[in-house]
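Fold and contact review
Here is how the chains run, residue by residue.
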Amino acid sequence: MMEVCGSSNVSLREFGCEQSLLSRPDGSASFIQGDTSVLAGVYGPAEVKVSKEIYDRATLEVLVQPKVGLPSVRERSQEQCVRETCEASLLSSLHPRSSLTLILQVLHDDGSLLSCFLNAACMALMDAGLPMSCLFCGVTCAIHADGQIITDPTAAQEKESRALMTFAIDSTEHKVLMSSTKGSFSVHELQQCIAVSQKASEKIFQFYRDSVRRRYSKTL
Amino acid sequence: MFSCLKHKVGEVLLPGDEFSFQPEDTISLTDTVKPEKVICGPGLRRSGDRLLVSKSGVLRTKQPNMFWVDSQQKRYVPAKGETVIGIVTVKSGDVFKVDCGGSEQASLSYLAFEGATKRNRPNVQVGDLVFSQFVIANKDMEPELVCVDSSGRANGMGVFGGGGLLFRVSLGLIRRLLAPQSPLRAELQQLFPHELVIGMNGRLWVKASSVQQTLIIANLLESCENMTAEQRRQLFRRAAQGAL
């Protein structure tokens, strides 16, 4: 079920996705952007611990597993970014007093890891059949020392860049759901990056649609 | 709205897609104006005069005006009136706790069996399988199961399962098996005689005359999840010839 999308004007690396590749979780997806690869698994709506129970909505827990070693501060902040994005798009009030667990396993990190997490998370949530008000995708932009904007940078490009930004964008109005920035940049550059990301997101949403259509092609 | 929904039947929809209600340009003075009614099933949500999609899947319809999104998911969410295969986990006083695959354990009263009275308790042990029906199932309350229909008869429900095999498949496959005149079920019946219990929660229980035949049926059902009709027919033909 692997699909690959080539790059044209807004240059994204080639990306691919596979849904429901794991048998045990309720929803799973792997997402590949260039050499960056992430595997996501979703469990839920499942039974929740009494201490974590919320009476009017589902409890969402996001866990990021690094390739080696234990999760540290960096993973914690990525978890929070992904969780807030998911909470914005999930209709968690339809499954009160239950738990949703999203596990993101890094398979390989070659830059734009946070955007790859977001894309993998969205595909996995969709595979699990959880109710969502809209889809979301992640786009990473790097501003080079000479002011050039690179979308979906590799690890080497990230290292050379002056500023690095990741945006989560929703599918209905193409608005920013979450942003995570690093480095220094002007207001104008920020707006430029948002505009570029919104343009890139259209390509990713079209890819989502194509890969879901492919998945359901046998039951049409 | 009705016409644009009709237009999309059989197509793949994604969360966030929406249908909006467009009033007709001309109003006929002679005909009586009938309000359009649309019944939304799973995956569709009403918000004002718009219809929002909340699950990814294929849009299906049923006459005259029912629409829903058919998705392939694994986790079960209890719904009233559905029959499921549950596993008894706790026996406490006058209720059993039953694991039905949802987010919460369902309760099953010991009086909700055919012929059960306060004196005559049903013989249910922890770990038994029960085929039962939801009478209460909503998101805010603990779901409740019964093993009798509205007239107090078992009607096929109750404790079952000796010597069979229980396994899980996706909810989409279960719905395909339960559909009226399901081709999959018809093909399965031609293989060899067997008993099959289908729970809407994704659990299947099979028993044939020998362990080998039980396993063959279980493996066939598990493998035909991602097959086209033609591939499935070929596989069943090979199974009937004893090639497996």
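Details of the structure are given in the entry above.
This is a predicted model, so every value here is computed, not measured.

With that settled, the discussion passes to the interface of chain B and chain A. Chain B puts 34 residues into the contact, and the matching count from chain A is 36 residues. Both sides of the chain B and chain A interface together cover about 2,800 Å² of buried area, and 52% of this is carbon and sulfur. Here chain B and chain A share three salt bridges between them. Glutamate 104 of chain B serves as the salt-bridge partner of arginine 97 of chain A, at 3.6 Å between the closest nitrogen and oxygen. The interface formed by chain B and chain A contains 12 residue pairs in polar contact (both at pLDDT 80 or more). Residues belonging to the side of chain B that touches chain A are distributed by class as follows: eight nonpolar, 14 polar and 12 charged.

This paragraph deals with empty space enclosed by the protein. Residue and element names in this part refer to chain A. Under the criterion given, the structure shown has three cavities of 30 Å³ or more. The volume enclosed by the largest cavity comes to roughly 60 Å³. Lining of the largest cavity is provided by Leu12, Phe15, Phe31, Gln33, Ser115, Asn119, Gly138, Val139, Thr140, Asp152 and Ile204. Every element with two or more residues in the lining of the largest cavity is listed here: β2 (27–33), α2 (113–128) and β6 (136–143). Of the residues forming the lining of the largest cavity, the biggest block, three residues, is contributed by β6. Counted by class, the lining of the largest cavity contains five nonpolar, five polar and one charged residues.

Below, the discussion takes up the pairing of β6 of chain A. All names here are of chain A. With eight of eight residues buried, β6 lies mostly within the body of the structure. Pairing analysis gives eight bridges linking β6 to strand β8 (residues 163–170), with the strands arranged antiparallel. Looking at β8, one finds that valine 139 is bridged to phenylalanine 167. Both β6 and strand β7 (residues 149–151) contribute to a ladder of three bridges, which runs antiparallel. The residue bridging cysteine 141 from the neighbouring strand is threonine 151, located in β7.

The next subject is the environment of leucine 204 of chain B. All names here are of chain B. Along the chain, leucine 204 falls in strand β16 (residues 203–208). The exposure class assigned to leucine 204 is buried, which follows from its relative accessible area of 0%. Those residues in contact with leucine 204 that sit more than four places away from it in its chain are Ile85, Leu165, Leu166, Phe167, Val169, Ile174, Leu177, Leu196, Val197, Ile198 and Leu221.

Procedures and definitions
- Residues numbered from 1 in each chain as written.
- Chains lettered and ligands numbered in written order.
- Predicted model: local features only at pLDDT ≥ 70, side-chain atom pairs only at ≥ 80, totals over all residues.
- Heavy atoms only, no water.
- Contact = heavy atoms within 4.5 Å.
- Buried area = accessible area lost by both parts, 1.4 Å probe.
- Salt bridge = Lys/Arg side-chain N within 4 Å of Asp/Glu carboxyl O.
- Polar contact = N/O pair within 3.5 Å; in protein donor to acceptor, adjacent residues only side chain to side chain.
- Nonpolar A, V, L, I, M, F, W, Y, C, P; charged D, E, K, R; others polar.
- 1 Å grid on protein atoms, 1.4 Å probe; cavity = no way out; pocket = protein on both sides within 12 Å on 5 of 7 lines; lining within 4 Å.
- Points joined across faces, edges and corners; volume = space filled by probe spheres on them.
- Helix = DSSP H or I, 4+ residues; strand = E, 2+ residues; numbered from the N terminus.
- Buried < 20%, exposed > 50% of the residue type's maximum accessible area, 1.4 Å probe, protein only.
- Pairing = 2+ DSSP bridges.

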